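# Report on the structure
Below are the chains, spelled out letter by letter.
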Amino acid sequence: MSPRKDEIAAIIKKQILELDIDLQMEEVGVVVEVGDGIARVWGLRSAMASELLLFPGEIRGLVLDLAEDSVGVAILGPDRGIREGDEVRRTGHVLSTPVGAGFLGRVVDPLGAPLDGKDPIHPEEYRRTDDKAPGVIARQPVNTPLQTGIKCIDALTPIGRGQRELLIGDRRTGKTAIALDTIIHQKGQGVYCIYVAIGQKSSTIAKAVDALRRHGALDYTVVVAAAAEAPTPLQYIAPYAGCALGEFFRDRGEDALVIYDDLSKHAVAYREIALLLRRPPGREAYPGDIFYTHSRLLERAARMSDVHGGGSLTALPIVETKAGDITAYISTNLISITDGQIYLEAELFNKGQRPAMNVGLSVSRVGGAAQVPAMKEVAGQLRLELAQYRDLAAFAEFAQELDEASQAQLSRGERVMEILNQDQFAPMPVEAQVVTLYAAVGGHLDDVPVDAVRAFERGFLAFLAERYPHLLATLREERRLGDGPRAELDTALAKFREGFRA
């Protein structure tokens with residue numbers, strides 16, 4: 001017998017009722033224009049700013065421009081395989097950076113992918129790459145020193161944990177050298193370091209990584225590399241990714257240092273993206289929000305209050321000048337954002353001064369609040385000696401004869417400048433800096449030939465380590481140059497001077 005119509009209808013109804021299909025609505029866009037790492041996508045009306053999109057081939061893109069009928073997307077990878085008409089899908093997630101202690105000792109790209117050929121990294125969590133800076137209430141004053149191991153910086157422009165100190169100077173004046181020395185000196189100091197290389201040659205980045213590895217600094221350092229051949233959008237997000245990694249340690253109550261090398265190239269990368277997105281250009285063709293681009297990055301450096309864990313994130317941004325012009329657009333922007341600057345002068349560098357810091361134009365707005373008491377005592381006299389020396393040196397260029405007091409002041413200033421010289425990859429502990437500078441400003445080097453000052457320094461430090469190790473230990477632990485240590489230091493200097501031969 002053939003089934004009846006009502007039985008067939010009942011079977012169909014039962015199948016319809018039992019049908020279980022999970023329908024998901026998905027917004028899909030279409031590429032209408034692509035080139036130079038930028039795509040214009042039509043059809044994503046609900047896309048968010050900074051949202052990640054997926055292009056064919058699992059290539060990700062970052063929404064940077066929201067127009068009325070389309071979105072401008074920076075492609076975070078190669079754009080050669082993307083064509084007009086390709087489908088683009090939303091992820092519903094804003095750009096986030098994988099973070100965790102597993103990144104220490106590794107070289108990664110701004111998206112967290114390893115570049116050192118080692119095993120994949122398993123992140124502990126994801127943090128927003130472009131996160132909001134902590135508010136005023138969540139912070140506390142900067143009063144804990146972050147020692148760089150470089151005498152002229154720790155004495156004259158001290159850096160505190162949570163500070164933003166700008167390294168500024170012409171090309172090849174030693175900016176990266178100071179940054180690497182600072183990282184190397186953090187060994188055993190409980191400070192995690194993030195070195196962000198933006199737009200540099202791959203060979204230059206490899207040399208920096210090798211230097212950190214040779215000096216045992218890579219164990220507590222993450223290198224975020226966006227080399228010159230990397231897509232421009234990756235160079236743009238690199239410093240924000242490095243900052244997110246530093247914030248991971250900061251929010252655990254620990255101390256972190258992040259170095260942006262350098263923000264000049266970052267500004268150029270952002271200018272390129274902005275012009276390709278057809279945003280109106282301003283001064284020097286930079287977009288109008290270039291100041292905000294850097295201020296929202298650097299404001300994330302902070303020393304958190306005890307209620308919020310008490311951790312800190314210190315920022316050392318680097319900016320390159322041309323022909324010593326510190327009044328250029330990006331330079332003045334960054335000077336106004338940061339808490340001071342260390343200006344490296346090409347003329348001093350060519351004369352052999354290392355580091356080539358111009359004491360007159362360098363400043364730390366945190367000042368003595370981030371110095372140990374012993375260094376603060378020595379630094380006051382050091383500033384006075386250098387100020388007098390600069391004035392006399394300028395006057396001596398035109399004066400034919402100087403009185404004996406002026407000649408003595410010039411002579412001491414030359415020796416003080418020589419004692420501030422320091423080799424690369426040789427950061428000094430604070431107690432060694434204190435005794436060295438004490439000898440210089442106290443007149444104990446006045447009769448030592450200038451070319452023998454460095455030999456005197458090395459010999460005296462070895463003499464103290466052998467004969468007076470308790471004095472160095474006292475300065476290291478108490479961090480004060482009281483009457484007792486001062487008298488013993490004078491005695492040690494007198495004994496060493498008796499046997500020293502230039």
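Throughout this description, residue numbers start from 1 for each chain and increase along the sequence as written. Only residues with pLDDT of at least 70 are given local features in this predicted model, and only at 80 or more are side-chain atom pairs given and counted; all residues enter the totals for whole chains, interfaces and linings. Hydrogens are left out, water is left out, and the side-chain values use all remaining heavy atoms of the structure.

## Points about the sheet that holds strand β5 (residues 70-75)
Whether two strands pair depends on DSSP finding at least two bridges between them. In DSSP terms, a helix is any run of H or I states spanning at least four residues, a strand is any run of E spanning at least two, and both are numbered starting from the N terminus. A barrel is described by the order of its strands in space; here six strands give the closed sequence β1-β2-β5-β4-β3-β6, paired in antiparallel fashion. Across the sheet, the mean angle separating the axes of adjacent strands is 45 degrees when strand polarity is ignored. Sheet topology places strand β4 (residues 59-66) next to β5; five bridges connect them, and they run antiparallel. By the bridge assignment, Leu62 is partnered in β5 with Ala74. Between the N-to-C directions of two axes lies an angle of 0 to 180 degrees, each axis being a line fitted to C-alpha atoms and, for a helix, fitted only over the stretch in contact.

## A short note on unusual backbone geometry
Backbone torsion omega between Asp261 and Asp262 reads -5 degrees, so that peptide bond is classified as cis. Within the secondary structure, Asp262 is located in the loop between β13 (255-261) and α6 (263-276). In this model, Arg354 is joined to Pro355 through a cis peptide bond whose omega is -10 degrees. For Asp36, which is not glycine, the phi torsion reads 60 degrees and is therefore positive. Mapping Asp36 onto the fold places it in the loop between β1 (28-35) and β2 (38-42).

## Section: empty space enclosed by the protein
Vacant regions in the atomic arrangement are exposed by a probe of water-molecule size rolled over the atoms. A 1.4 Å probe that fits but cannot get out identifies a cavity on a 1 Å grid over protein atoms alone, an open set with protein on both sides within 12 Å along at least five of seven lines counts as a pocket, and a residue lines either if it has an atom within 4 Å of a point. Grid points are joined across faces, edges and corners, and a volume is the space filled by probe spheres set on the points. Within this structure, the stated rule accounts for four cavities of 30 Å³ or more. Empty space within the largest cavity amounts to approximately 50 Å³. Lining the largest cavity are Pro145, Leu146, Gln147, Asp154, Pro158, Ile159, Ala370, Gln371, Val372 and Met375. Residue composition of the lining of the largest cavity, grouped by class: seven nonpolar, two polar and one charged. Residue type decides the class: Asp, Glu, Lys and Arg count as charged, Ala, Val, Leu, Ile, Met, Phe, Trp, Tyr, Cys and Pro as nonpolar, and the leftover types, Gly among them, as polar.

## Things to note about the environment of Ala225
Looking at where Ala225 falls in the secondary structure, it is placed in strand β12 (residues 221-226). For Ala225 and Ala393, which are 168 residues apart along the polypeptide, the C-alpha to C-alpha distance reads 43 Å. What makes two residues a contact is simply this: any of their non-hydrogen atoms within 4.5 Å. If near-sequence neighbours (up to four positions away) are discounted, Ala225 is found in contact with Val107, Val108, Asp109, Pro110, Leu115, Ala197 and Ile205.

## A closer look at the layout of surface pockets
Volume-wise, the largest pocket comes out at about 1,100 Å³. For the largest pocket, the lining is made up of 34 residues, of which Arg172, Gly174, Thr176, Ala177 and Thr204 are closest to its centre. Counting only elements with at least two residues in the lining of the largest pocket, the list comes to α3 (175-185), α4 (202-214) and β15 (312-321). In the lining of the largest pocket, the residues fall into twelve nonpolar, nine polar and 13 charged. In this structure, the second largest pocket encloses a volume near 570 Å³. Taken together, 20 residues line the second largest pocket, and the ones lying closest to its centre are Leu348, Lys351, Tyr389, Ala393 and Met417. Elements supplying a minimum of two residues to the lining of the second largest pocket: α9 (346-350), α10 (373-396) and α11 (404-419). Here the lining of the second largest pocket gets five residues from one element, more than from any other, and that element is α10. Of the residues belonging to the lining of the second largest pocket, the class tally is nine nonpolar, four polar and seven charged.

## Notes on the packing of aromatic side chains
Geometry of aromatic contacts follows a simple scheme: Phe, Tyr and Trp rings, the Trp one being its six-membered ring, pair when their centres are within 6.5 Å, and the pair is stacked under 30 degrees between planes, edge-to-face over 60, tilted otherwise. A full pass over the atoms with the stated rule returns twelve aromatic pairs. An angle of 65 degrees between the planes, with centres 5.7 Å apart, marks the rings of Tyr236 and Tyr240 as edge-to-face. One end of the pair, Tyr236, and the other, Tyr240, are both in helix α5 (residues 232-250), four residues apart, so they sit about a helical turn from each other. Residue class for Tyr236 comes out buried when judged on its relative accessible area of 6%. Note on Tyr236 and Tyr270: the rings are 5.1 Å apart at their centroids and 20 degrees apart in plane angle, and the pair reads as stacked. Taken together, the positions of Tyr236 in helix α5 and Tyr270 in helix α6 put the pair 34 residues apart, joining distant regions of the chain. Relative accessible area decides the class of each residue, using a 1.4 Å probe on protein chains only: under 20% of the type maximum gives buried, over 50% gives exposed, and in between gives partly exposed.

## Some points on the pairing of strand β6 (residues 87-94)
If a strand is regular, its side chains alternate between the two faces of the sheet. Summarising the sheet, β1 and β6 pair through three bridges and their orientation is antiparallel. Bridging from a neighbouring strand, Val28 pairs with Arg89 of β6. Of the strand pairs in this sheet, strand β3 (residues 51-55) and β6 are connected by three bridges, and their pairing is antiparallel. When the bridges of β6 are listed, Glu51 appears paired with Val94.

## Notes on the environment of Arg383
Checked against the element boundaries, Arg383 lands in helix α10. Under the relative-accessibility criterion, Arg383 is labelled partly exposed at 36%. A sequence separation of 45 residues divides Arg383 from Met428, and the C-alpha atoms of the two residues are 20 Å apart. N or O atoms closer than or at 3.5 Å make up a polar contact, with two conditions inside protein: a donor-capable atom paired with an acceptor-capable one, and, for residues adjacent in sequence, both atoms drawn from side chains. For Arg383, the side chain forms a polar contact with the main-chain oxygen of Ala155, separated by 3.4 Å. Side-chain polar atoms of Arg383 contact the backbone oxygen of Leu156, separated by 3.2 Å.

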